[in-house]
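Listed below are the residues making up each chain.
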Amino acid sequence: MKNKIVNLSEPKKTGRMSLEQAIASRRSRREFLPKPLSLEQIGQLAWAAQGRGSGGRYRTTPSAGATYPLELFIVTVDGLFHYRPAKHALEQLVDKDLREELCSAAWGQEFIKAAPVTFVFTAEFNRTTGHYGKRGVRYVYMEAGHVAQNVHLQAEAMGLGSVAVGAFEDISVGKVLLLPDDLESIYMVTIGYYRK
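Because the structure is predicted, anything quoted here is derived from the model rather than measured. (Residues numbered from 1 in each chain as written. Predicted model: local features only at pLDDT ≥ 70, side-chain atom pairs only at ≥ 80, totals over all residues. Heavy atoms only, no water.)

1. Some remarks on unusual backbone geometry
Glycine aside, the phi torsion of most residues is negative, and most peptide linkages are trans. Unlike most non-glycine residues, His88 shows phi in positive territory, near 45°. On the secondary structure map, His88 appears in the loop between strand S3 (79-84) and strand S4 (89-94). The residue Trp107 is not glycine, and still its phi comes out positive at about 55°. Tracing the chain through its elements places Trp107 in the loop between helix H3 (99-105) and helix H4 (110-114). (Helix = DSSP H or I, 4+ residues; strand = E, 2+ residues; numbered from the N terminus.)

Here you go:
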């Protein structure tokens, strides 16, 4: 059976909040409302994380040697999706809600189950270490930080809350996401409307 491809609308390049305002107001938020995000919102956040920048060759975040070792998986009430930056599309891998399983893999952090969306960043380290050797490992983690910050600032600019998640069991998250052996989960960002 072929996976469903969901094409996303063109990302917006301007918004109502300045970058400086987003930086000043960004906070970790964990009290999410049960309101779902639209595909347009998810697409905008995915573009901020890993989308194609101006000119289409490079992505929106820096990557050592443009090796782009990160792959973005998105968990929502509608299932599990893999973001495809070249097409700005989501590939649906699973059509059931995996938020409870992801919450368990993240040591029971309840906000993961409550939030409408969690971005899970995974890495294929060989893409970068093949070029930079052992030092490439640190470059991969740096890139994850760049990507997460873009997501946090984009969420803030959209009036959404977000929180970074580093506490999880790698193997358990890999099982939830059905990851192949060459991908490791390294970082998560949970996103949604929040109690103000």
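Read on, since the account is not over.
2. Concerning the sheet that holds strand S1 (residues 4-7)
Through backbone hydrogen bonds, the strands of a sheet pair up, either in parallel or in antiparallel fashion. Reading across from one edge, S1-S4-S3-S2-S5-S7-S6 is the order of the seven strands in this open sheet, with antiparallel pairing throughout. Taken across any chain shown, the strands that pair with only one partner, and hence form the sheet edges, are S1 and strand S6 (161-165). Direction aside, neighbouring strands of the sheet carry axes that sit 25° apart on average. Across five bridges, the pairing between S3 and S4 is antiparallel. Bridging from a neighbouring strand, Phe81 pairs with Gln92 of S4. Strands in contact with helix H2 (residues 39-50) are S1, strand S2 (70-76), S3, S4, strand S5 (117-123) and strand S7 (184-192); relative to S2, the strand with the most contacts, it is inclined by about 160°. (Pairing = 2+ DSSP bridges. Axes fitted to C-alpha atoms, helices over the stretch in contact; angles between N-to-C directions. Contact = heavy atoms within 4.5 Å.)

3. Quick word on the side chain of Gln92
Secondary-structure assignment places Gln92 in strand S4. A polar contact is formed between the side chain of Gln92 and the backbone oxygen of Val94, at a distance of 3.3 Å. In contact with Gln92, other than residues within four places in its own chain, are Asn3, Lys4, Asp78, Gly79, Leu80 and Phe81. (Polar contact = N/O pair within 3.5 Å; in protein donor to acceptor, adjacent residues only side chain to side chain.)

4. Some thoughts on the nonpolar core
Across soluble globular proteins, you tend to see nonpolar side chains buried next to one another. The biggest cluster of nonpolar side chains holds 30 residues, and the ones touching the most others in it are Ile74, Phe119 and Ile191. Breaking this core down by element, the ones donating at least two residues are H2, S2, S3, S5, helix H6 (135-157) and S7. Every residue in contact with Phe119, bar those within four places of it in the chain, is listed here: Ile42, Leu45, Ala46, Leu72, Phe73, Ile74, Val151, Tyr187, Met188, Val189 and Ile191. Judged by nonpolar contacts, the second largest core, of 23 residues, contains Val163, Val176, Leu177 and Leu183. (Core = buried A, V, L, I, M, F, W, Y, C linked by side-chain atoms within 4.5 Å. Buried < 20%, exposed > 50% of the residue type's maximum accessible area, 1.4 Å probe, protein only.)

5. Thoughts on the packing of aromatic side chains
What the rule picks out here adds up to three aromatic pairs. Taken together, a centroid distance of 6.3 Å and an interplanar angle of 75° make the contact between Phe119 and Phe121 edge-to-face. With a relative accessible area of 0%, Phe119 lands in the buried category. Of note, Lys35 hangs over the ring of Tyr193, and the distance from its end group to the ring centre comes to 4.2 Å. (Phe/Tyr/Trp six-rings, centres within 6.5 Å; stacked < 30°, edge-to-face > 60°. Lys NZ or Arg CZ within 6 Å of the ring centre and 35° of its normal.)

6. Considerations on the side chain of His88
You can call His88 buried: its relative accessible area is 11%. Ignoring any residue separated from it by four or fewer positions in sequence, one finds His88 in contact with Asn7, Leu8, Ser9, Pro11, Gly43, Trp47 and Tyr83.

7. A closer look at H2
Its twelve residues give H2 an end-to-end C-alpha distance of 16 Å, which sits within 8% of 16 Å, the value for a rise of 1.5 Å per residue. Most of H2 sits out of view: ten of its twelve residues are buried. Taken residue by residue, H2 has Gln41, Ile42, Gly43, Gln44, Leu45, Ala46, Trp47, Ala48, Ala49 and Gln50 as its buried positions. Those residues of H2 that are buried lie in contact with S2, S3, S4, S5, H6 and S7. (Expected span 1.5 Å × (residues − 1).)

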